[in-house]
Amino acid sequence: FSVIADEKYIHAVETFLESLLSFRLTQNDVLIVSTSSTTTEKLVKRGIRAFSYGSLPQCSVRDVRCIVSLSKFNTIIDVLNASYSIFFFDLDVFFKRFPLPTLLNASVDLYSQKESDGKYPFNFGCFLVKPTPNTINTFVRMREDYLLTRKWDQVIYNLVTLNSSLVTETFPVKQYPA
């Protein structure tokens, strides 16, 4: 389970972590990536383990969208390269019950929540991706496309996913409403 957080969302990180710990997970099951060393320090002072990629030379210090997007892509690629699946959430996603038992189809590379506005089929704020060479290559391509175009990461996630050979499935709507 992973999230990206900046200073404005420290309380949301606490709530998110509490919700996951209620499912008998531990902090070892949760990867919290912060957008700055200052945010990391504030989280650590609250007893929350977090890390930051530090300054990203591709982003100006003030370009929060770039920092968040690249931190997301870097985190996903790093976790997949370490042979782990990653269940990634934006901090506005919460669960009333543990989500994983419904997501056990071994042939699916990427499970994603539907995008709420209907413009795109997949939501880059709530998805589960498994570590395969294909998924790693797909997310590397997403990061490369982001660096070239600076389009919204949601758009790139959808365009690259739809043009890939990934086996995708959307989360059951009753359990994962958009």
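Keep in mind the model is a prediction, meaning the values are calculated, not measured.

A.B. asks: Could you give an account of the overall build of the protein chain, naming the residues involved and the relevant values?
C.D. replies: The helix and strand inventory of the protein chain stands at five helices and seven strands. Taking 16 Å as the expected radius of gyration for a compact globule of 178 residues, we find that the protein chain reaches 16 Å, a close match to that expectation. Taken along its principal axes, the extent of the C-alpha atoms in the protein chain is 40 × 40 × 30 Å. For the protein chain, the residues scored as buried account for 48% of the 178 residues in total. For the protein chain, the share of sequence-separated contacts (at least 6 apart) that also reach a separation of at least 24 residues comes to 67%.

A.B. asks: Hey, could you go over the pattern of salt bridges for me, with residue numbers and the actual values?
C.D. replies: As enumerated under the stated definition, the model contains four salt bridges in all. Between E14 and R46 there is a salt bridge, with its nearest N and O atoms 2.9 Å apart. Taken together, the residues span a long stretch of sequence, with E14 in helix 1 (residues 10-21) and R46 in the loop between helix 2 (37-45) and strand 3 (51-52) at a distance of 32 residues. Note that R141 and D145 form a salt bridge whose closest N and O atoms lie 3.8 Å from each other.

A.B. asks: Describe the environment of V3, naming the residues involved and giving the relevant values.
C.D. replies: Mapped onto the elements, V3 comes out in strand 1 (residues 2-5). Distance from V3 to K130, taken between C-alpha atoms, is 16 Å for residues 127 residues apart in sequence. Contact partners of V3, with chain neighbours within four places excluded, come to F16, L31, I32, V33, F88, F89 and L91.

A.B. asks: With reference to specific residues and values, describe the confidence of the model for the protein chain.
C.D. replies: Summary statistics for the protein chain give a mean pLDDT of 88 and a share of 92% for residues scoring 70 or more. Mean pLDDT values for the elements of the protein chain range from 88 in strand 7 (residues 168-170) up to 97 in helix 4 (residues 133-149).

What counts as what
- Residues numbered from 1 in each chain as written.
- Predicted model: local features only at pLDDT ≥ 70, side-chain atom pairs only at ≥ 80, totals over all residues.
- Heavy atoms only, no water.
- Helix = DSSP H or I, 4+ residues; strand = E, 2+ residues; numbered from the N terminus.
- Rg over C-alpha atoms; globule rule 2.2 N^0.38 Å.
- Buried < 20%, exposed > 50% of the residue type's maximum accessible area, 1.4 Å probe, protein only.
- Contact = heavy atoms within 4.5 Å.
- Salt bridge = Lys/Arg side-chain N within 4 Å of Asp/Glu carboxyl O.
- pLDDT = per-residue confidence, 0-100.

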